[in-house]
Amino acid sequence: MRATEVSGEPFRSRRNDLVCARLIGFVQFLRANGFAVGVSEGLDALVVAQHCELMDRQRLGWGLRSLLCSNADQWSRFDSLFQAYWNPPNRQAFVQSSASARVEKALGQQRGSLGQGETIDVDGSSEEDDGEVGDGGSRGGASLQASRSQTDFRFLHDGREMRELEELAERLARRMRRRLIRRQRVQQHGRRIHLRRTLRKSLRYGGTPLELAFKNRRRLLPRLVLILDVSRSMNLYSYFFLRFARGIVEAFRDAHAFVLHTRLVHITDALRERDMTKLKEKLAILSMGWGGGTRIGDCLGTFNREYGRLVHSRSVVVVVSDGLDTGEPEVLADGMARLRQRARRILWLNPLLGRDGYEPAAGGMQAALPYLDLFAPAHNLDSLQALETHITNV
Amino acid sequence: MPGLNLSDVQQRLAEAGYIADRQLAATLLLLTELQRPLLLEGDAGVGKTEVAKAIARVFGRPLIRLQCYEGLDANAAVYEWNYQHQLLAIKIEESEGHSVSEKERHIFSERFLLKRPLLQAITMSDPPVLLVDEIDRADEEFEAYLLEVLSDFQISIPELGTIRATSTPYVVLTSNGTRELSDALRRRCLYHYVDYPSLEKELRIVKTRLPEISERLAGQVVEFVHELRKQDLRKRPGIAETLDWATALLRLEIKSLDQDSASIMDSLVCLLKTKEDQEAVTLEVSDRLVSRASG
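Since this is a predicted model, take the numbers as computed values, not measurements.

Caption draft 1: Expanded view of the overall build of chain A. Summing up its helical and strand segments, chain A has 19 helices and 8 strands in all. For chain A, the residues scored as buried account for 48% of the 394 residues in total. Here the contacts in chain A between residues at least 6 apart in sequence split such that 72% fall between residues at least 24 apart. Of the roughly 19100 Å² of accessible surface on chain A, a fraction of 51% belongs to carbon and sulfur atoms.

If you want it as structure tokens, here you go:
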């Protein structure tokens, strides 16, 4: 309906064609800058322009801003983008300084596959994911998965291999969630009577509820709290687990991620950043002191003090660390004991555990062991996959 | 609402008791021009819900509010059958010898239907303003369902058939960012980020809401709150808190912030809502802020 309105009367003249093209160019410019703008928004942008008479640039800006933005970050960036596009000199500068080759490509191609490289990078697994819903198996990379899922992460040096593995981990994180949900739905044992269904069934007995229908208690998803050790001893694994954490945070509605080295940093919000370059920048800022020493005990103390309320009776806390702590083991034990009181379940993943002949002899590890529900290896994808049951049965 | 321009909307909002900037007025104008829901985001306490109420007043429409919470389902949001009535009706008609299908038709008729906000909103003769408050608290399934209702404006009830909208409501959604909303919903909606108001705007709000406040105190209060928001607080005070505090100061008969630091300290409970924040703002900090605000 809106489409006809647009292509109809008022947009016929040559001048209006120009205006149209300019607006479409703006929409593409936004897309290239990471805005999710669909076709119908593009059409509505024309309607907005029509309503507020292009001459009134300020109102056009306001209108387009509320139409085309969809989160706070875009909201704050919009004004400078708008200026950049509609003021030619600035625009040149802007294109070269920040939006880089993608913009030029997009503007050149006019309509083609805009910002595709970007999309694949961020949620490349989505198409494949959809295919997997039906059989739960893995389409496409099945053979890949078989060979790689056994490989110890520390043996991956090739950049491309590493990337594939990271994507696999993200996909795994998503699939774990899908299974969680399905399992909850399959259960059919109810406790409370479903009045509506019961009444329906009672009709054939003249209104006496002989057959009862039950409804399930909805099982709620657990809350996941990930605490990743990114100190120097974990160097080989930390980037990989960050990627995994990103998948988890994306896939689970209720997940929180932290990293610890000499101090504790909350990184959930940073991980939600969709733009890879920005994500890296954010993490870099947050991560002053990565690859340094480890003070697990102190960090757990901070966690309990400041983020303790995040952990409730449906929470699963997953600590990924080698347990090589430079602090006092008593502090670590104390932190674990307090965490124990709040959390439903504590899992400790130790990448070293996958190596032959490793014994958890480190002082920190010894101190933590009594408080764990599960102490498991985390050196390859299979070991991560095995986690699923421990998270489900909460 | 044809024929309205930006200043009209702004002025009518002001008459309805809501001080809006021109960006918001432009957004509201769009809301009437495009049939899209409006998504408002922003920290708690910046007046998101107030926007919806103001829209209802400006356009003279009834306001229907759907408060979301974890576990909100279609029964609570759309419709429910009135079981007690149905059971009674079945008993009463037991002896009348109707056939089963007649009975079924009777007890699943509109008489026994309880309309919840969503259904109510699309079946009113007068198109209302539908406020879906804190959509981020509801779960993803509900969000998807809501998206469907908002694009088709029809609801199907298995026992009754499909109910089409007799009126298209203006839809306003608010979110605090407890959970990330789906891209589909975000894309579908107009978006407005409600920020903390500027000094001048907040001053106008305080003076509109509390006409009896003195110019001097109002200025000090607003500046103090603005300074306070710059501190590293766990929960920054919103506009509602500013108004509460100003009211409290009026009750305590305080004429100026620099006159009695002890009772100002006591009244800060209106602004600081967590233990950590109350500990962080000591008498010294408060005095420093006061001197900045009165300077």
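Resuming the write-up.
Caption draft 2: Quick look at the pattern of salt bridges. Counting across every chain of the model gives 25 salt bridges over all chains. The closest approach of N and O atoms between R229(B) and E202(B), which form a salt bridge, is 3.0 Å. Linking R229(B) in helix α11 (residues 215-230) with E202(B) in helix α10 (residues 199-209), this pair joins segments that are 27 residues apart in sequence. Judged by relative accessible area, which is 7%, R229(B) ranks as buried. Residue classification places E202(B) among the buried residues on the basis of a relative accessible area of 1%. Members of the salt-bridge network, linked through shared partners, are E41(A), D44(A), R36(B) and R187(B).

Caption draft 3: Structural view of the sheet that holds strand β2 (residues 63-67) of chain B. All names here are of chain B. Taken in spatial order, the 5 strands line up as β2-β5-β8-β1-β9 in an open sheet, and their pairing is parallel. Of all the strands in the sheet, the pair left with one neighbour each is β2 and β9 (190-193). Averaged over all pairs of adjacent strands, the angle between their axes in this sheet comes to 20°, without regard to strand direction. Judged from the 4 bridges that link them, strand β1 (residues 38-41) and β9 form a sheet pairing that is parallel. Within β9, the position partnered with L40 by the bridge is H192.

Caption draft 4: Seen up close, α11(B). All names here are of chain B. Here α11 is 16 residues long and its end C-alpha atoms lie 23 Å apart, about the 22 Å a rise of 1.5 Å per residue gives. Summarising burial for α11: 12 of the 16 residues are buried, a large majority. For α11, every residue scored as buried is listed here: L217, A218, G219, Q220, V221, V222, F224, V225, H226, E227, L228 and R229. Summarising the contacts, the buried residues of α11 are in contact with α10, α12 (239-251) and α15 (283-294).

Caption draft 5: Representation of the nonpolar core in the model. Of all hydrophobic cores here, the largest spans 99 residues; its most connected members are F26(A), L64(A), I55(B), V132(B) and F142(B). Excluding residues that lie within four positions of it along the chain, L64(A) makes contacts with L23(A), F26(A), A45(A), V48(A), C69(A), F78(A) and F82(A). Ranked by size, the runner-up nonpolar core spans 37 residues in total, among them A173(A), L242(A), I248(A) and A255(A).

Caption draft 6: Molecular detail of the sheet that holds strand β3 (residues 223-229) of chain A. Residue and element names in this part refer to chain A. Read from one edge to the other, the open sheet built from 6 strands follows the order β5-β4-β3-β6-β7-β8, with strand pairing classed as mixed. The sheet is open, and its two edges are formed by β5 (264-266) and β8 (374-377), each paired on a single side. The mean angle between the axes of side-by-side strands here comes to 20°, regardless of whether they run parallel or antiparallel. In terms of strand pairing, strand β4 (residues 255-260) meets β5 through 3 bridges, oriented antiparallel. Directly across from L260, in β5, lies its bridge partner L264. In the packing of helix α15 (residues 296-307) onto the sheet, the strands contacted are β3, β4, β5 and β7 (345-350), and the crossing angle to β5 comes to about 45°. Strands in contact with helix α16 (residues 329-342) are β6 (315-320) and β7; relative to β7, the strand with the most contacts, it is inclined by about 135°.

Reading the values: the criteria
Residues numbered from 1 in each chain as written. Chains lettered and ligands numbered in written order. Predicted model: local features only at pLDDT ≥ 70, side-chain atom pairs only at ≥ 80, totals over all residues. Heavy atoms only, no water. Helix = DSSP H or I, 4+ residues; strand = E, 2+ residues; numbered from the N terminus. Buried < 20%, exposed > 50% of the residue type's maximum accessible area, 1.4 Å probe, protein only. Contact = heavy atoms within 4.5 Å. Areas by Shrake-Rupley, 256 points an atom, 1.4 Å probe, with all protein chains shown as cover. Salt bridge = Lys/Arg side-chain N within 4 Å of Asp/Glu carboxyl O. Pairing = 2+ DSSP bridges. Axes fitted to C-alpha atoms, helices over the stretch in contact; angles between N-to-C directions. Expected span 1.5 Å × (residues − 1). Core = buried A, V, L, I, M, F, W, Y, C linked by side-chain atoms within 4.5 Å.

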